[in-house]
Structure formats: structure tokens, C-alpha cells
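Residue-level listing of the chains:
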Amino acid sequence: MQRSSSPAVPDSSWPILKRLLGYVRDRKAGLVLAILGMAGYGAVDTTFVYSIQPLIDDGLSGKDPSVLMWMPWFVIGIVTVRGLCNFLSDYFMSWVGTHVVMKLQRQVFSHLMGMPMSFFDKHNTGHLLSKVTYDAGQVSSAASSTLVSLVREGVTVLGLLGMMIYHSWQLSLIFFVVGPIVGVLISIISKRFRRVSRQIQQAMGGLTTSTEQMLRGHREVLMFGGQQVEADRFAKVSNHMRHQNMKMVIVDAVGSPLVQVIASSALAVLLFVAAMPGVRESLTAGTFTLIVTSMMMMMKPLKSLTQINNQFQRGMAACQSLFELMDQPLENDTGSRDLVRAQGRVELKNVTFTYPTKEQPALRDVSLVIEPGQTVALVGRSGSGKSTIASLLTRFYDIEQGAILLDGVDIRDYRLHALRRQFALVSQQVHLFNDTVANNIAYAAEGVYSREQIEQAARMANADEFIRKMPEGYDTLIGENGSNLSGGQRQRLAIARALLRDAPILLLDEATSALDTESERYIQSALENLARDRSTLVIAHRLSTIENADLILVVDEGRIIEQGTHGELLARNGAYALLRQTQFGEAQ
């Protein structure tokens, strides 16, 4: 799969941060308390530095001995207040941050569920998983600890700067010369951080993809001795991840010392100016000590602001990635018609369709009609377009040309939910959930069907016997994707799920492909009984399973090249007869 080019990284984090702050609306009280704690923390540090001037000029000089008496109590009080402010800022910012991330994760998860199939054709699962896990974790860091440090250290710098201006605006001018240089430097570093953060996110997606492929294909890895292949693949992506992280380390390692050097230069200039005649005489010892201490104390928050900028920009890049995903259009559900139960007449009129990731059409000018209660079978070579028709009927994809009608109405006029509940789908690739057998059969319909109805569907699908032999029967957990079941057992549970829905139209896409001959005979009989009052579209590989179909269509390269009953097609001695002869020969 070709990876799409990354979107341009914005010059400013403000639009992203502003959108992220929109998630805080329902947590305003916590945010206010957190901000009060941050501001209080910075104010306490500034107040502590401010006490140096009266301590030196009044207390230690003997002008006001009472200063020495209340100073110890002042220190105890100020440290206590500092601790309370620290608790307020850390706890409530984390409380707000975790709620924001939870809300964001839920929205991303819900948005992914509403995305069209074409989206998943273009994006692999590993990269999407990394958005919900890794990217959300980076947002959590930006929304809690990083924001705390930004506000807290920012308030400290502003407080110290204000105090310096109050006591000696002349010396404070030095900061206004150095400050813009530091600001420009931090801005440049920020852009680099965001760019590298995007690269790290992509690398994390590759790491997740490689791990996921190995876990899903573990049986094949062991069977074909692919351990070294997968190890080399993982080594390559993990080294790429390490390389991107080292880029971030380099930016951080270079940026922080540069800020420190510039800030130290400002301190050196301040000391030089303070020693000049005329300036030195106008400063008291306490005032001079206060200004020097303020300049030195500003180095720590400036250094912290540079260091946490790394984490903050990672969070902003992650936010941007998640917001880009949530800005992707959902499935096109513009229909307004509801439908309780369809009669079951399906018609395709001159349908042409091309998959988003392909250049050649999967279907070319296809027309067919399924009358209510009729069974129509699609046969043909693999990749001929048979399964595509089933995907179009349920609007997993929208057609480019032509029309698909259900009961004489264009399926795009129906609401998606109303349309899809008219179909019961069993595909060749069965997906089961890590839940009980009963909940898998009645998936997404808990409480709608009774246990007796669930068990009846399982009996019709020839699944009841093996289910009752399981440790907890219908209440047995079957593991991720039915890992504790055989392929045939998973297929029978999927058929039971479809039977339980009692939909007016059945879509059987290689529904019996994983069954042994005996199980197939039982299920085929059950499906034939069920199909008597329903429209059924059967996509079959085993031609023996569709001999009794009302109409058989032979599909090749996206076109219907033959149609008729089993007997009629054999008599023509054409493509269907050739397929049957080939399959019969393979069976021998």
C-alpha cells in the first residue's frame, strides 16, 4: 500500500490548541482550579524572591530587626502555599487532561466506525491503531503535565520580570533585548519539533503494523519459518523509529543549551552594567541581589519551557493527526426513507464500479434482477467481481454508474441502517468477537432475541452440537476472532448469526467454504429451507452447492457472460460447463 504524503505542518500550534481547548468546556471548574494553582505557584516563587530585598536592606543591615523575626514564619507559610498550589495545578490539570483524552479517544473510535470501506482500503490497521493509542497518549501529555509547566513557568517568568522592572527598569531593558532572541529561537525549535513529531507518529504506525502482522500471521510465520524475515522487518522499522527519536533528542539537546547560553549572556551583561559608575551607586545591595537572583531564577523556567516544548509539540502534532482523521467524511448517509421489511426484489441496472485503490473497474455494465423468494447464484474465477456485487448491495461502496434498486427504490434513498437490516450477510472471511458464543450469534442485538431463538439458529446452522460440548456451552468465551474454534465452527456461528436475523434478503459469500462435507450437507439443507421465502444471492466456489438455484450467473472480468439454470448452462457447454469440468477434475 502506498502511503499518502503527510499534510503540511502548520506554522502555529494555536489553531490546534484552540480546537483542543474546546473539549474542556464541560470541565471548566477543574481547569479554573488548575490555572489558579499554576498562577499561585508562579506568584509564590516571585514573592519569595521579592523577600530578598527587605531581608538584606532592612533585616541584615539592622534598619528593621523585626524582618528577621517574621522571615522564618514567612518561609514556612510560603512553602506551604507553594505545596497547595502545586497540588491544585497537578491534580486538576491531570483530571481535566484525562477527561479530554477520553472524550477525544471516544470520538476517534466512533468516527472510525462510521468511515466508509474505501477509507480502510487506503489505510492499514496498524497506523489507525497507533492514532487511538500512541497519538492519544501524546495528547494526554500535552493536555496535562506539559500545559501545567507552560503556564506555571510562564507566570514565574512574568512575575520575575515585572519585579525587575519595578526595582530597576534600566537593568530590565537587557531582558527585552535578549527575550526576542530567545522567542525566535524557541519558535524555530517548535517547528522542528512538530515536523519530527509527525515523522515519529508515522514510524510508530509502521512499528504497530509490523507487530500486528506478525501476531495475526503467527501460524504462517511458524509454518514457513519466517521468524528471521519478520525479525528483520521489525528491526528495520524499529531502527527507523529510533532514528526519528534521535532527531528529536538532537533538537532538544541543541536548543536547550542555546537558550541557556543566551540567558547567561544577558546575566553577564547585567553584571557588567551594574558595575558601571552611576548605576552602581543607585542600587542598594538588596535591589542588586534581587535583580541578579531574578535573572538567575529565570534561567530555570526558560530552560523548562524549552525542554517541555518537545513534549508539547509532540502533543500538538498528535492532535493535528487526530483532528485530520476526524475531519475525514463519514459514510454518505443522505437517504431519508425508512424500511421495516423489504419485499426482496433487487435489481442492478448497468452498474459500473471501480475500487478506490484500483484503476480497472471491478464491475462493467452489470445488470441483474433477483425476484422476491428467488435464489440467484454468482460463479466465476477468483477476482471476477462476484463479492463486489454483495458489497454494493449493502452500500459498503457506492457505484459510479447505473443504479441499484430495492423494491423499486434506489438504495441510496434509504437510510443506511434501514437498508442494511434487510440483509443477512455471511462472508468467506468470518469475524467473531472476544465474547460468549451466544453474544456472538446475537451480536449487536442483546436482549432482542431469547436464548431459545439463539439456540434454534445454532441448530439450523448445525452448530448446537459442538457448542454444547464446550466448557460453558453458549456462555463460553471463544477468544479473539474465535481463536479457540476451527474454521468450520467459526463459519457455522456466522451462519447462525445470519439465520437469527431473519432478514428478507440473504447474502451468502462462500458461506460454506470452510465446512466439511457432512456439515455442508446439513447447512445446505437448512439454507435451502430458509431461502424459500427470501431473496438469496449466493456467491459460490463449490458449484455443487448452487445446482438448485433459480438462476446462475457466470461472472468474468466484471461482466456477466452467461446466465441460466444449471441444466441450461451445462447444455450450452460454455464457461459454466468449463468451470464445472475444471472443478470436477480437481476433485478427482
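Keep in mind the model is a prediction, meaning the values are calculated, not measured.

Visitor: Please explain the packing of aromatic side chains as it appears in this structure.
Guide: Aromatic rings considered in pairs are described by the distance between their centres and by the relative angle of their planes. Counted according to the given criterion, the structure contains nine aromatic pairs. Summarising the aromatic geometry, the rings of W70 and F74 are spaced 5.9 Å apart at their centres and angled 85° between planes, so their arrangement reads as edge-to-face. One end of the pair, W70, and the other, F74, are both in helix α4 (residues 66-113), four residues apart, so they sit about a helical turn from each other. Judged by relative accessible area, W70 falls into the partly exposed class, the value being 37%. A residue is classified by how much of its surface remains accessible, and F74, at 21% relative accessible area, is partly exposed. Aromatic rings pair up to connect F87, Y91 and F92 into one cluster.

Visitor: Just to check I follow, could you spell out the pattern of salt bridges for this structure?
Guide: Working definition: two side chains of opposite charge can pair if their charged atoms are close together. Considering all chains together, one arrives at 17 salt bridges under this definition. Where R451 meets D475, a salt bridge forms, and the shortest distance between an N and an O atom there is 2.9 Å. Note that R451 is positioned in helix α14 (residues 451-460) and D475 in the loop between α15 (464-468) and α16 (487-501), a separation of 24 residues in sequence. Taking the relative accessible area as the measure of exposure, R451 reaches 35% and is therefore partly exposed. With relative accessibility at 43%, the residue D475 sits in the partly exposed group.

Visitor: Looking at this model, I keep getting lost on the sheet that holds strand β5 (residues 409-410). Mind explaining?
Guide: A sheet is described by the order of its strands in space; here four strands give the open sequence β2-β1-β4-β5, paired in antiparallel fashion. Here the strands that pair on one side only, and so sit at the sheet edges, are β2 (363-370) and β5. When strand β1 (residues 346-353) meets strand β4 (residues 401-406), the two strands line up antiparallel, connected through five bridges. Counted as the bridge partner of E347 is L405 from β4. Contacts from helix α11 (residues 386-393) reach β1, β2 and β4 within the one sheet, and its direction differs from that of β1 by about 115°.

Visitor: Just to check I follow, could you spell out the packing of helix α2 (residues 28-50) against α4 for this structure?
Guide: To describe two helices that pack against each other, one gives the angle between their axes and the distance between the axes. The geometry of α2 relative to α4 is characterised by a closest axis approach of 7 Å and an angle of 150° between their N-to-C directions. Comparing the axis directions of α2 and α4 gives the class roughly antiparallel. You can see that α2 and α4 cross each other, and the crossing is left-handed. Counted by class, the contact of α2 with α4 contains 17 nonpolar, six polar and two charged residues.

Visitor: Can you help me understand the pairing of strand β8 (residues 535-539) in this one?
Guide: Moving residue by residue along a regular strand, the side chains alternate between the two faces of the sheet. Of all five residues that make up β8, five are buried, and the element is covered over most of its length. What you see with β8 is no split at all: S535, L537 and I539 on one side and T536 and V538 on the other are buried throughout. Here five bridges tie strand β7 (residues 505-509) to β8, and the two strands are oriented parallel to one another. Residue pairing in the sheet places L508 in a bridge with V538 of β8.

Visitor: Which parts of the structure should I look at to understand the pairing of β4?
Guide: The pairing of β4 with β5 spans two bridges and is antiparallel. For L406, the partnering residue across the bridge sits in β5 and is V409. Between β4 and β5, which follow one another and run antiparallel, lie two residues, and D407 among them has a positive phi close to 55°.

Visitor: Is there a simple way to explain the environment of V254 in this structure?
Guide: Within the secondary structure, V254 is located in helix α9 (residues 227-274). Under the relative-accessibility criterion, V254 is labelled partly exposed at 45%. When the C-alpha positions of V254 and I189 are compared, they lie 9.3 Å apart, and in sequence the two are 65 residues distant.

Visitor: How should the nonpolar core be read in this particular structure?
Guide: For soluble globular proteins, the rule of thumb is that nonpolar side chains tend to be buried together. In terms of nonpolar packing, the biggest core is built from 41 residues, with I441, I467, L493 and I546 touching the most fellow members. Breaking this core down by element, the ones donating at least two residues are β3 (375-379), β6 (423-426), α13 (437-441), α14, α15, α16, β7 and β9 (551-556). In contact with I441, not counting residues within four places along its chain, are I454, A458, I467, Y474, L493, A496, R497, L500 and R501. Counting residues in each nonpolar core, the second largest holds 34 residues, with A342, F353, L368 and L419 among its members.

Visitor: Can you walk me through the side chain of K131 in this structure?
Guide: Take K131: it is sitting in helix α6 (residues 125-167). The charged side chain of K131 is buried without a salt bridge, its nearest counter-charge being D135 at 4.4 Å. At 2.5 Å, the side chain of K131 and the side chain of S321 are in polar contact. Apart from residues no more than four positions distant in its own chain, K131 is found in contact with A136, S321, L322 and L325.

Visitor: Looking at this structure, how should I read the sheet that holds β8?
Guide: Strand pairing in a sheet relies on backbone hydrogen bonds. The paired strands run either parallel or antiparallel. Strand order across the open sheet formed by six strands is β6-β7-β8-β3-β9-β10, with mixed pairing between neighbours. Each end of this open sheet is capped by a strand with a single partner; those strands are β6 and β10 (559-564). In this sheet, adjacent strand axes meet at a mean angle of 15° when their direction is disregarded. Judged from the five bridges that link them, β9 and β10 form a sheet pairing that is antiparallel. Within β10, the position partnered with I552 by the bridge is G564.

Visitor: Help me understand a nonpolar patch on the surface, please; the structure alone is not making it clear to me.
Guide: A contiguous nonpolar surface patch, about 250 Å² in accessible area, is contributed by V32, L33 and L36. Following the sequence through the fold, L33 ends up in helix α2. For L33, a relative accessible area of 32% gives the class partly exposed.

Visitor: Looking at this model, I keep getting lost on the UniProt feature "transmembrane region" (unreviewed entry) in the chain. Mind explaining?
Guide: Cross-referencing UniProt, the feature "transmembrane region" (unreviewed entry) maps to residues 29-50, 70-93, 150-167, 173-190 and 249-276 in the present numbering. Counted over residues 29-50, helix gives 100% and strand 0%. Its end C-alpha atoms are 31 Å apart. Annotated as residues 150-167, this span is 100% helix and 0% strand, and its ends, taken at the C-alpha atoms, are 26 Å apart.

Rules used throughout
Residues numbered from 1 in each chain as written. Predicted model: local features only at pLDDT ≥ 70, side-chain atom pairs only at ≥ 80, totals over all residues. Heavy atoms only, no water. Phe/Tyr/Trp six-rings, centres within 6.5 Å; stacked < 30°, edge-to-face > 60°. Helix = DSSP H or I, 4+ residues; strand = E, 2+ residues; numbered from the N terminus. Buried < 20%, exposed > 50% of the residue type's maximum accessible area, 1.4 Å probe, protein only. Salt bridge = Lys/Arg side-chain N within 4 Å of Asp/Glu carboxyl O. Pairing = 2+ DSSP bridges. Contact = heavy atoms within 4.5 Å. Axes fitted to C-alpha atoms, helices over the stretch in contact; angles between N-to-C directions. Parallel < 35°, antiparallel > 145°, perpendicular 65-115°, else oblique. Left-handed = near helix turned anticlockwise from the far one by under 90°. Nonpolar A, V, L, I, M, F, W, Y, C, P; charged D, E, K, R; others polar. Core = buried A, V, L, I, M, F, W, Y, C linked by side-chain atoms within 4.5 Å. Lys, Arg positive; Asp, Glu negative; His and termini not counted. Polar contact = N/O pair within 3.5 Å; in protein donor to acceptor, adjacent residues only side chain to side chain. Patch = residues over 30% accessible without salt bridge, like charges linked within 9 Å, V, L, I, M, F, W, Y side chains within 5 Å. Areas by Shrake-Rupley, 256 points an atom, 1.4 Å probe, with all protein chains shown as cover. UniProt positions renumbered as here; feature names shortened; annotations may be inferred.

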